[in-house]
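Examining the three-dimensional arrangement
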Amino acid sequence: MTDTPETQTTAPKRPRRFIAGAVCPKCSEMDRTVMYTNDDGDEVRECISCGYSQTSKEQAQEEANSLATELTTRVTPVDGKALLDEDVKPLKILGLDDSDS
């Protein structure tokens, strides 16, 4: 059997790997997500149940956007300081004085 020019120029198919424990963000199915590298060299995750797919670049951009819209809560630092409820006071542990050392 001889190789034709067509078979010599086709790139080998990239293997798809299942990601154990991964949950699809669209259909919420567990263990139905595969990961592979596309022709552009980007890593892609794809759900084999619903067809949802996302490149690593799209995922990074989505995460950057979600960080910009983070909700302010009492535990979210604002200007480097944690917000405390007015009726909450910091805990002081007795017996741990610096004067004992």
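Preceding this section is the structure that the text describes.
No experiment lies behind these values; they were computed from the predicted model shown.

Phi at Ser28 takes a positive value of approximately 65°, unusual for a residue other than glycine. Here Ser28 shows up in the loop between strand 1 (17-18) and strand 2 (33-37). Using a relative accessible area of 53% as the deciding quantity, one classes Ser28 as exposed. The residue Asp31 is not glycine, and still its phi comes out positive at about 60°. Residue placement: Asp31 occurs in the loop between strand 1 and strand 2.

Attention now goes to the environment of Val23. Its location among the elements puts Val23 in the loop between strand 1 and strand 2. On the accessibility criterion, Val23 (42% relative accessible area) is partly exposed. For the pair Val23 and Thr33, spaced ten residues apart in sequence, the C-alpha to C-alpha distance is 7.1 Å. When near neighbours in sequence (up to four residues on either side) are disregarded, Val23 contacts Ser28, Glu29, Met30 and Thr33.

Parameters at a glance
- Residues numbered from 1 in each chain as written.
- Predicted model: local features only at pLDDT ≥ 70, side-chain atom pairs only at ≥ 80, totals over all residues.
- Heavy atoms only, no water.
- Helix = DSSP H or I, 4+ residues; strand = E, 2+ residues; numbered from the N terminus.
- Buried < 20%, exposed > 50% of the residue type's maximum accessible area, 1.4 Å probe, protein only.
- Contact = heavy atoms within 4.5 Å.

On their own, these measurements won't tell you what the molecule is for.
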